[in-house]
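Per-entry structural report
So you can see what is in the structure, the chains are spelled out below.
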Amino acid sequence: MRFVLTALVFLFGLFDLFMGLNFLLNPAETALGFGLSANGVQGLSTLRADFTAFFGVVAACMMIGAWRRNADLLLVPVAVMGVAVLVRGVSLVLDGPYPGWQVPMTVEALHVVLLVAAWRVLPHHRIEELTS
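Residues numbered from 1 in each chain as written. Predicted model: local features only at pLDDT ≥ 70, side-chain atom pairs only at ≥ 80, totals over all residues. Heavy atoms only, no water.

The next thing to look at is the pattern of salt bridges. This model, assessed by the stated rule, comprises one salt bridge. For Glu108, the salt bridge identified is with Arg88, shortest N-O distance 2.9 Å. With Glu108 in helix 5 (residues 102–121) and Arg88 in helix 4 (residues 75–95), the pair connects residues that are 20 residues apart, well separated along the chain. By relative accessible area, Arg88 is classed as partly exposed at 27%. (Salt bridge = Lys/Arg side-chain N within 4 Å of Asp/Glu carboxyl O. Helix = DSSP H or I, 4+ residues; strand = E, 2+ residues; numbered from the N terminus. Buried < 20%, exposed > 50% of the residue type's maximum accessible area, 1.4 Å probe, protein only.)

Printed below as a string of C-alpha cells:
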C-alpha cells in the first residue's frame, strides 16, 4: 500500500511538472485548454509565471516528498490543491457550471485524496510539531 501510494504521488507529480513546463514553454496554447488567453506580453508573463509556479511547486513537493518518503512535503500541495478545488466549488455556485467543469475539479480532488492518504501512510511529523 505504501509503495503504491508513493508511486502514485510521484506520477501525479510528474503530471503536474509537465503542466508547469507547458506553461513555461508554451503559455498561450496551454492556457487555451484552461479557458484563458494572454493579453499581450504582460498576459504571457503572468500565465508563464503564475501557472509555472503553481504546478511547479506542487510537482516539486510531491516528487521530492515521494522520493524521500517525507510526507511533510505533501502538506504544501494538499493545501494548494485543496484551495483550488474549494474555490472552484465556490465559483460553481456563484458563476454556474461550464462545459467540462467536472474534469479540473476531479483532478484537484484526486490530488487531495491521494496526498492525504499518502501523508497518513508515509513518515511525517505531527502537525503540532511543525507549527510550534
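From this point, the narrative continues.
Ranked by size, the top nonpolar core spans 14 residues in total, and within it Val9, Met62, Ala71, Leu74, Leu115, Ala118 and Leu122 carry the most contacts. Elements supplying a minimum of two residues to this core: helix 1 (2–25), helix 3 (40–68), helix 4 and helix 5. At four residues, helix 5 tops the list of elements feeding residues into this core. With sequence-adjacent residues up to four places away left out, Met62 is seen in contact with Val9, Phe12, Gly13, Asp16, Leu74, Pro77, His111 and Leu115. (Core = buried A, V, L, I, M, F, W, Y, C linked by side-chain atoms within 4.5 Å. Contact = heavy atoms within 4.5 Å.)

Further remarks concern the side chain of Thr30. Looking at where Thr30 falls in the secondary structure, it is placed in helix 2 (residues 27–32). There is a polar contact of 3.2 Å between the side chain of Thr30 and the backbone oxygen of Asn22. Here the side chain of Thr30 touches Asn26 through a polar contact of 2.8 Å, landing on its backbone oxygen. Aside from chain neighbours lying at most four places away, what touches Thr30 is Asn22 and Phe23. (Polar contact = N/O pair within 3.5 Å; in protein donor to acceptor, adjacent residues only side chain to side chain.)

On to a nonpolar patch on the surface, then. Together, Val83, Leu86, Val87, Val90, Val93 and Leu94 give the surface a local cluster of nonpolar side chains, amounting to about 620 Å² of exposed area. Tracing the sequence through the fold places Val90 in helix 4. (Patch = residues over 30% accessible without salt bridge, like charges linked within 9 Å, V, L, I, M, F, W, Y side chains within 5 Å. Areas by Shrake-Rupley, 256 points an atom, 1.4 Å probe, with all protein chains shown as cover.)

Moving on: the packing of helix 1 against helix 3. The geometry of helix 1 relative to helix 3 is characterised by a closest axis approach of 7 Å and an angle of 160 degrees between their N-to-C directions. Taken together, the axis directions place helix 1 and helix 3 in an arrangement best described as roughly antiparallel. Of the two elements, helix 1 crosses helix 3, and the hand of that crossing is left-handed. (Axes fitted to C-alpha atoms, helices over the stretch in contact; angles between N-to-C directions. Parallel < 35°, antiparallel > 145°, perpendicular 65-115°, else oblique. Left-handed = near helix turned anticlockwise from the far one by under 90°.)

With that settled, consider helix 1. Side chains that are three or four residues apart share a direction in an α-helix, a result of its 3.6 residues per turn. With 24 residues, helix 1 ought to run about 34 Å at 1.5 Å a step, and its terminal C-alpha atoms sit 34 Å apart, in line with that. Listed in full, the buried residues belonging to helix 1 are Leu5, Thr6, Val9, Gly13, Asp16, Met19, Gly20 and Phe23. Those residues of helix 1 that are buried lie in contact with helix 2, helix 3, helix 4 and helix 5. (Expected span 1.5 Å × (residues − 1).)

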